[in-house]
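Breakdown of the fold
Residue-level listing of the chains:
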Amino acid sequence: TEVVDWTPEQLAAHAEAEANAWKGARIAAYPSIGDQLDMQYWDSVNNTTTWADAITKVKTDNPKG
């Protein structure tokens, strides 16, 4: 096992990156804006919750750290 001797600044940067990893995961998981707008349009026409369901799933699958 390799021992890494990080500076306090490197440790802080690493901790911050790990604490914010959920943001990148959410961004990657969200449908495109165009797809989201289409979902919202069809939800309003059909009285459905497709868009809210999709966004809730992304947030549930990628909780804030």
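A brief look at the structure comes next. (Residues numbered from 1 in each chain as written. Predicted model: local features only at pLDDT ≥ 70, side-chain atom pairs only at ≥ 80, totals over all residues. Heavy atoms only, no water.)

On to the overall build of the protein chain. Of the regular secondary structure elements, the protein chain holds 4 helices and 0 strands. Its helices and strands in sequence order give the protein chain the pattern α-α-α-α, from N to C terminus. Overall, the protein chain is about 60 × 20 × 20 Å in size when its C-alpha atoms are taken along their principal axes. In the protein chain, which comprises 65 residues, the share counted as buried stands at 12%. Of the accessible surface of the protein chain, which amounts to about 5,200 Å², a share of 58% is contributed by carbon and sulfur atoms. In the protein chain, the 5 positive side-chain charges and the 10 negative ones have mean positions that sit 8 Å from each other. (Helix = DSSP H or I, 4+ residues; strand = E, 2+ residues; numbered from the N terminus. Buried < 20%, exposed > 50% of the residue type's maximum accessible area, 1.4 Å probe, protein only. Areas by Shrake-Rupley, 256 points an atom, 1.4 Å probe, with all protein chains shown as cover. Lys, Arg positive; Asp, Glu negative; His and termini not counted. Charge placed at Lys NZ, Arg CZ, Asp CG, Glu CD.)

Further remarks concern a nonpolar patch on the surface. On the surface, Val4, Trp6 and Leu11 cluster together into a nonpolar patch covering about 280 Å² of accessible area. Along the chain, the position of Val4 falls in the segment before helix 1 (8-19). (Patch = residues over 30% accessible without salt bridge, like charges linked within 9 Å, V, L, I, M, F, W, Y side chains within 5 Å. Salt bridge = Lys/Arg side-chain N within 4 Å of Asp/Glu carboxyl O.)

So, on to the packing of helix 3 (residues 33-46) against helix 4 (residues 50-61). Helix 4 packs onto helix 3 with a crossing angle of 140° between their chain directions and a minimal axis gap of 7 Å. By the angle between their axes, helix 3 is oblique relative to helix 4. When helix 3 is examined against helix 4, the residues Gln36, Met39, Gln40 and Asp43 are found in contact with a partner set consisting of Thr50, Trp51, Ala52, Ala54 and Ile55. For the contact of helix 3 with helix 4, the class distribution of residues is 5 nonpolar, 3 polar and 1 charged. (Axes fitted to C-alpha atoms, helices over the stretch in contact; angles between N-to-C directions. Parallel < 35°, antiparallel > 145°, perpendicular 65-115°, else oblique. Contact = heavy atoms within 4.5 Å. Nonpolar A, V, L, I, M, F, W, Y, C, P; charged D, E, K, R; others polar.)

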